[in-house]
Each structure stands twice: as C-alpha cells, then as structure tokens.
Amino acid sequence: MLRLRTLVLASGIASVPILYVRSRVLSLEHAYPSLPFETTSTSELRTPTAPGTRTAYTDVYGTRVPLSALRPSSASNSKDPLTSLEEVWAKAFFQSGLMKLEGTLAGFGSPGDLGEQGFKPGQRLLAGMMNVLRAPAKETPLLVRWDVPPHVITFFERLAAWGYPWRIMEGGRHEWRVGQVGRLPGETEDMVVVRFAAAH
C-alpha cells in the first residue's frame, strides 16, 4: 500500500510541470500559428548538410512587431548605420534574457558568444551549441546549425538496441528572417515581420 501511495504522489508531482509546459506550448502555438515553410524559409534551411540524411520537420513561426522595438535607440545609434534588420533581429533574439539564461546553463556559468560583435560563418554561438553557417545581411537571414554530441547519440542508439522506442536527433538548423516593413490599416507606426524557423 505504501508503494502505491508513493507512486501516486510521485506521479502527481511530476505531472504538474509536464501539464504546465504542455499548456504553455499550446498557448504559444495558438498565439503564433505555424507558417508555410515553403514560402517563409530558405532552401538552405530545408536542405540537410550531411549526405544520406533528411529533414523530417520544418517549422516556421512569425509575428509583427513595432520597428522601434526591433531597432531600439541604442541600435539605431550604433557605429554601423548600415546594420541590416536581419542582423538586428538575430542579435535581439540571442541577447534576450531567456537565451542568455540558456547559454549560461549550457556553458556552466558563461553564455559564450551571443553575437554582440556580429556574425560570421564558422562562429560558435550560445556556449558553443550553435555554429553559424550563413551570416545575416540585407534580405539574407542568419542560418545556424546545432549538433548533438556523438556520445549522446551513441548512448540512445544503445538504448534503442535494447528496445527503447526513441532515438535522438543528430542536429538541425535554425534561421532568423525579417519580412516586410510597413503599416496595415489601423496601425500607427511602422511594423516588421520577424520569423524563427527550425529544421530537424
């Protein structure tokens, strides 16, 4: 009887964060519905870099934000007035509080490079978890690749050999894209479409 009570209690405690995360994901998916990836992402995002692999899923999410929020006064007064909106969007994303926290946790105290000095191919971002494949420029979104360490993949392959039902992804790609700037009827300031895409 004690074991059953312990099992019920442990299940109840474990279900609270699981239900919270699930409800949060559903609310975000409702607020930011998935966009058609064929027209809102680049072919480089959708095409695997390693031969013999495939891209099983490509998801693109976007929203309209005020241009002033994307390019705050500190960014508009930067030394390089020709900084593209694509680069500003990528910097805003990586330098957000949540991404700094993720980098700090993954980097055991240091978030690593968050693109403060810009982006270039081969650059390691976010405590080394992401590798820049294409730097952002005007009408060219930032494209990065992330990889799961080989020892983690091997561990899950061994589990699968013993009947574990899931394997782990080897990696994937992310893209940060900016759409048109303008105003829709009823908007009082210039707005810009920002998108985040994931392919894995």
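Residues numbered from 1 in each chain as written. Predicted model: local features only at pLDDT ≥ 70, side-chain atom pairs only at ≥ 80, totals over all residues. Heavy atoms only, no water.

Trainee: Pulling in residues and values, what's your account of the environment of Asp-147?
Mentor: Mapped onto the fold, Asp-147 is located in strand S5 (residues 142–147). By relative accessible area, Asp-147 is classed as partly exposed at 41%. When sequence neighbours within four positions are dropped, the list of residues in contact with Asp-147 reads Met-129, Glu-170 and Gly-171. (Helix = DSSP H or I, 4+ residues; strand = E, 2+ residues; numbered from the N terminus. Buried < 20%, exposed > 50% of the residue type's maximum accessible area, 1.4 Å probe, protein only. Contact = heavy atoms within 4.5 Å.)

Trainee: An account of the layout of surface pockets is requested, with residue identities and associated values reported.
Mentor: Taking a probe equal in size to a water molecule and rolling it over the atoms shows the remaining empty space. Its boundaries defined by the atoms lining it, the largest pocket holds a volume of some 1000 Å³. Taken together, 32 residues make up the lining of the largest pocket; nearest its centre are Phe-93, Leu-98, Met-99, Glu-102 and Phe-196. For the lining of the largest pocket, the secondary structure elements donating two or more residues are helix H1 (2–31), strand S2 (58–66), helix H6 (85–94), helix H7 (97–106), strand S4 (130–134), S5, strand S6 (171–182) and strand S7 (191–199). Here the lining of the largest pocket is composed, by residue class, of 18 nonpolar, 6 polar and 8 charged. (1 Å grid on protein atoms, 1.4 Å probe; cavity = no way out; pocket = protein on both sides within 12 Å on 5 of 7 lines; lining within 4 Å. Points joined across faces, edges and corners; volume = space filled by probe spheres on them. Nonpolar A, V, L, I, M, F, W, Y, C, P; charged D, E, K, R; others polar.)

Trainee: Can you lay out the pairing of S7 for me, pointing to particular residues and giving the numbers?
Mentor: On a regular strand, each side chain points to the face opposite its neighbour's, so the side chains alternate between the two faces of the sheet. With 8 of 9 residues buried, S7 lies mostly within the body of the structure. Looking at chain direction, S2 and S7 are connected through 9 bridges and run antiparallel. Paired with Arg-64 across the two strands is Val-193, which belongs to S7. As defined by bridge partners, S6 adjoins S7 across 8 bridges and the pair is classed as antiparallel. Pairing of Gly-182 across the sheet is with Met-191, part of S7. (Pairing = 2+ DSSP bridges.)

Trainee: I'd like to hear about the nonpolar core, residue by residue, with values.
Mentor: Phe-94, Leu-125, Met-130 and Leu-142 are the most contacted members of the largest nonpolar core, which totals 22 residues. Every element with two or more residues in this core is listed here: H6, S4, S5, S6 and S7. Counting residues per element, this core draws most heavily on H6, at 5 residues. Residues contacting Leu-125, with those up to four places away along its chain left out, are Phe-94, Asp-113, Leu-114, Gly-115, Phe-119, Met-130, Val-132 and Val-144. Ranked by size, the runner-up nonpolar core spans 5 residues in total, among them Leu-45, Val-60, Leu-143 and Ala-197. (Core = buried A, V, L, I, M, F, W, Y, C linked by side-chain atoms within 4.5 Å.)

Trainee: So, the confidence of the model for the chain: which residues are in play, and what are the values?
Mentor: Averaged over every residue, the pLDDT of the chain is 86; residues scoring 70 or more account for 93%. Confidence scores differ between elements of the chain, with helix H5 (residues 73–76) showing the lowest mean pLDDT of 45 and S4 the highest of 96. Note on residues 73–79: pLDDT under 50 across the span, and 2 contacts to partners over four residues away in sequence or across chains. (pLDDT = per-residue confidence, 0-100.)

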